[in-house]
Amino acid sequence: MNRIARCFADLKQARRKALVTYLVSGDPFPEATLPTLHKMAEQGADIIEIGIPFSDPMADGPTIQLAHERALAHKASLRRTLETVRTFRQDNVDTPIVLMGYDNPIERMGYETFAREAAAAGVDGVIIVDLPPEEAEPLNGYLQQAGIENIFLLAPTTTAERARHIVSLAGGFLYYVSLKGVTGAGHVDANSVNQKISQFRELTDLPICVGFGIKSGDTARLLTENADGAVVGSLLVDKMGQMPGEAPEKIAAAVGELIAPIRAALDS
Amino acid sequence: MNMTKNYTSLPSADGHFGPYGGRFVAETLIEALDDLQALYSRLKDDPDFQAEFDRDLSHYVGRPSPLYFAERMTRELGGAQIYLKREDLNHTGAHKINNTIGQALLAKHTGKRRVIAETGAGQHGVATATIAARLGLQCQVYMGADDVKRQAPNVYRMKLLGAEVIPVTSGSRTLKDAMNEAMRDWVTNVDDTFYIIGTVAGPHPYPQLVRDFQSIIGREAREQCLTQAGRLPDALVACVGGGSNAIGLFYPFLGDESVAMYGVEAGGLGVETGKHAAPLSAGIPGVLHGNRTYLMEDEDGQIIETHSVSAGLDYPGVGPEHAWLKDEGRVNYVAINDDEALAAFRKTTRTEGIIPALESSHALAYAEKLAPTMGKDQIIVVNLSGRGDKDLMTVAELDGLTL
């Protein structure tokens, strides 16, 4: 069983919601990534998303854009991201790792090479923001061969008919984008999120996680009424961005302190 | 008719030109693109819509724009006859208005009261602000912070027209970042906002509808050439940034096998220096801004900074139909450096009394190279896509003057 599936099976048995946390690989500098990943897992992150640095993160708000810029200023790349995952796996064999990013760096590496090397490094899933199902072949085929889940987005604007098509191709879990906007936006409406998720729930057995705009334990709890988990990104990335001169362990600890109360809120 | 290849049947239903084009956007925008595509499919063959578009083009833009025989330039070059398609004489001074009128008419049909645009040199921003003023629409224009500085007159023009210009400080602070920011705005305000993209790039159906609106250039030029010269031209030359003026000129001629086509990219300081904006000449295929096309990127797939003296060509991608026409070999893509374009800018001004835009000066510079290699009975049509008033400060600065 894939780590993602096992993770959700365990959570279901424990009647717990998934906490999914996010950082950008190499932000605010390369040495900070690995200790922060371990701290995230230690503080209760069930799944970790690692952003692949890209020069033009079109779907991201200012907070995560800046993280991409900081990482790229340190020559972060997809290749170095995979190396980081490989090193992480030496000490952590359980926490699912999902790479999140944009198509171009992956296309540049080559879809087939990427799928093979990502699997070898210990990656469990990918979310490629600008690769909707219509454009996902031939990458999908290579990912399937490599045993990597392609996690698709559902949005407030996704029609039921389209959602049926998306869930038929999706693996791992579905990522529901809580609002019309970019990452880190602040206008999320819990009622409409819960309603929309229960509609999508009818169409699939895959877990559904909700993300974009979750900045506190309270929001995380409110938005996961019908969802299986919450994704927290900009909140953590913002903190990391404020600590470019600090020691890696200090950055990891600060992120851990932000995660702990969200974990507690989701479990309460 | 022999069995020539059909170059005008694309994009496919899902928006592809061979391997290029498509829809590489976040899920939230798919529905809006579906709606736009449905609306455009319905209206593009609707006689009322076309009549309204044609009416605006003739009475508001001032079309048809002349096809002008540049006699003195022709004599001096001593080769093929040079005709200039005078898009510089359009209202607002460039070809951009053809497209903004078309898209604003689409916006009107959606009932959305707010339009947004990205702009590089400011010509598309001005054209969008213009049509927004005329239709009473709210208008916000995203412009790279560096471009805001180097195109100050156009920034003020947009403000006078009632548009808000939003300087974009992320990334390389030029056109590509303005487009990122416009996309972010659109994804946030998708319910009440129409995004007027300025070139033949972006997700399907934009490359198609912008091409269709700009094709008026080539349809007129073809007819005018037949009337004025009694025959088709032998060659077409147009500058290519995103590529909307070029595709507008080329498209109606694609089936005319005898007509050679040259798309002129910005060679900047020289393609060999890496400081240029010529993805078709020196880039590789990738995905940016919603479509697959030729891009300027590094070995990690990061988009790299471009350089051109002309803000309107300073873009690391190019419309997907150009990418396809390059691979098909139907259009030749070449590059002209900053200094060559500047020389053509000065020469056209002195020889013909026409101050061309720096963008169009790239096309003129290539025509200067091409003409002497051709016979005196042959014809080159150059798309003079815009006028150079907006570039006076840039050129003056290079001359060491402050206006």
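All of these numbers come straight from a predicted model, not from anything done at the bench. (Residues numbered from 1 in each chain as written. Chains lettered and ligands numbered in written order. Predicted model: local features only at pLDDT ≥ 70, side-chain atom pairs only at ≥ 80, totals over all residues. Heavy atoms only, no water.)

**Topic: the overall build of chain B**
Helix and strand counts for chain B stand at 16 helices and 14 strands. For 403 residues, the compact-globule estimate of 2.2 N^0.38 gives 22 Å, and the C-alpha radius of gyration of chain B, at 19 Å, lies within 12% of that figure. Dimensions of chain B, computed from the C-alpha atoms along their principal axes, are close to 55 × 55 × 45 Å. Across the 403 residues that make up chain B, the buried fraction comes to 65%. Here the analysis covers contacts within chain B between residues at least 6 apart in sequence; of these, 73% occur between residues at least 24 apart. About 13,900 Å² of surface is accessible on chain B, with carbon and sulfur atoms providing 50% of the total. (Helix = DSSP H or I, 4+ residues; strand = E, 2+ residues; numbered from the N terminus. Rg over C-alpha atoms; globule rule 2.2 N^0.38 Å. Buried < 20%, exposed > 50% of the residue type's maximum accessible area, 1.4 Å probe, protein only. Contact = heavy atoms within 4.5 Å. Areas by Shrake-Rupley, 256 points an atom, 1.4 Å probe, with all protein chains shown as cover.)

**A few points about the pattern of salt bridges**
All names here are of chain A. Overall, the coordinates contain 39 salt bridges over all chains when judged by the stated rule. Between Lys 250 and Glu 246 there is a salt bridge, with the nearest N and O atoms lying 3.5 Å from each other. The structure contains a network of salt bridges with shared partners spanning Arg 16, Asp 46, Arg 263 and Asp 267. (Salt bridge = Lys/Arg side-chain N within 4 Å of Asp/Glu carboxyl O.)

**Looking at the pairing of strand β7 (residues 174-177) of chain A**
Residues and elements named next belong to chain A. Going residue by residue along β7, you find Leu 174 and Tyr 176 tucked away on one face and Tyr 175 and Val 177 tucked away on the opposite face as well. As judged from the 2 bridges shared by strand β6 (residues 153-154) and β7, these two strands associate in the parallel manner. Note that in β7 the partner of Leu 154 across the bridge is Tyr 176. For the handedness criterion, the β-α-β arrangement of β6, helix α8 (residues 160-169) and β7 is classed as right-handed. Bridging between β7 and strand β8 (residues 208-211) involves 4 bridges; their strand directions are parallel. Across the sheet, the residue bridging to Val 177 is Gly 211, located in β8. Taken together, β7, helix α9 (residues 190-201) and β8 constitute a β-α-β crossover, and its handedness is right-handed. (Pairing = 2+ DSSP bridges. Right-handed = clockwise from strand over helix to strand, strands pointing away.)

**Brief notes about the sheet that holds strand β8 (residues 193-195) of chain B**
Residue and element names in this part refer to chain B. Overall, parallel pairing links the 4 strands, which are arranged β7-β6-β5-β8 in an open sheet. Taken across any chain shown, the strands that pair with only one partner, and hence form the sheet edges, are β7 (164-168) and β8. Put simply, the sheet's adjacent strands are angled 25 degrees from each other on average, direction ignored. Looking at chain direction, strand β5 (residues 114-119) and strand β6 (residues 138-144) are connected through 6 bridges and run parallel. By the bridge assignment for β6, Val 115 is matched with Cys 139. Against the sheet, helix α5 (residues 123-135) contacts β5 and β6, and its axis sits at roughly 165 degrees relative to β5. In this fold helix α8 (residues 175-188) packs onto β5, β6, β7 and β8, with an angle of close to 160 degrees to the strand it touches most, β5. (Axes fitted to C-alpha atoms, helices over the stretch in contact; angles between N-to-C directions.)

**Points about the packing of helix α4 (residues 78-91) of chain A against helix α6 (residues 111-121) of chain A**
Residue and element names in this part refer to chain A. In the contact formed by α4 and α6, the axes pass within 8 Å of each other and the chain directions differ by 25 degrees. The angle between α4 and α6 falls in the class roughly parallel. Where α4 approaches α6, its residues Leu 78, Arg 79, Leu 82, Val 85, Arg 86 and Arg 89 are matched on the opposing element by Phe 114, Glu 117, Ala 118, Ala 120 and Ala 121. Residue classes in the contact of α4 with α6 are distributed as 7 nonpolar, no polar and 4 charged. (Parallel < 35°, antiparallel > 145°, perpendicular 65-115°, else oblique. Nonpolar A, V, L, I, M, F, W, Y, C, P; charged D, E, K, R; others polar.)

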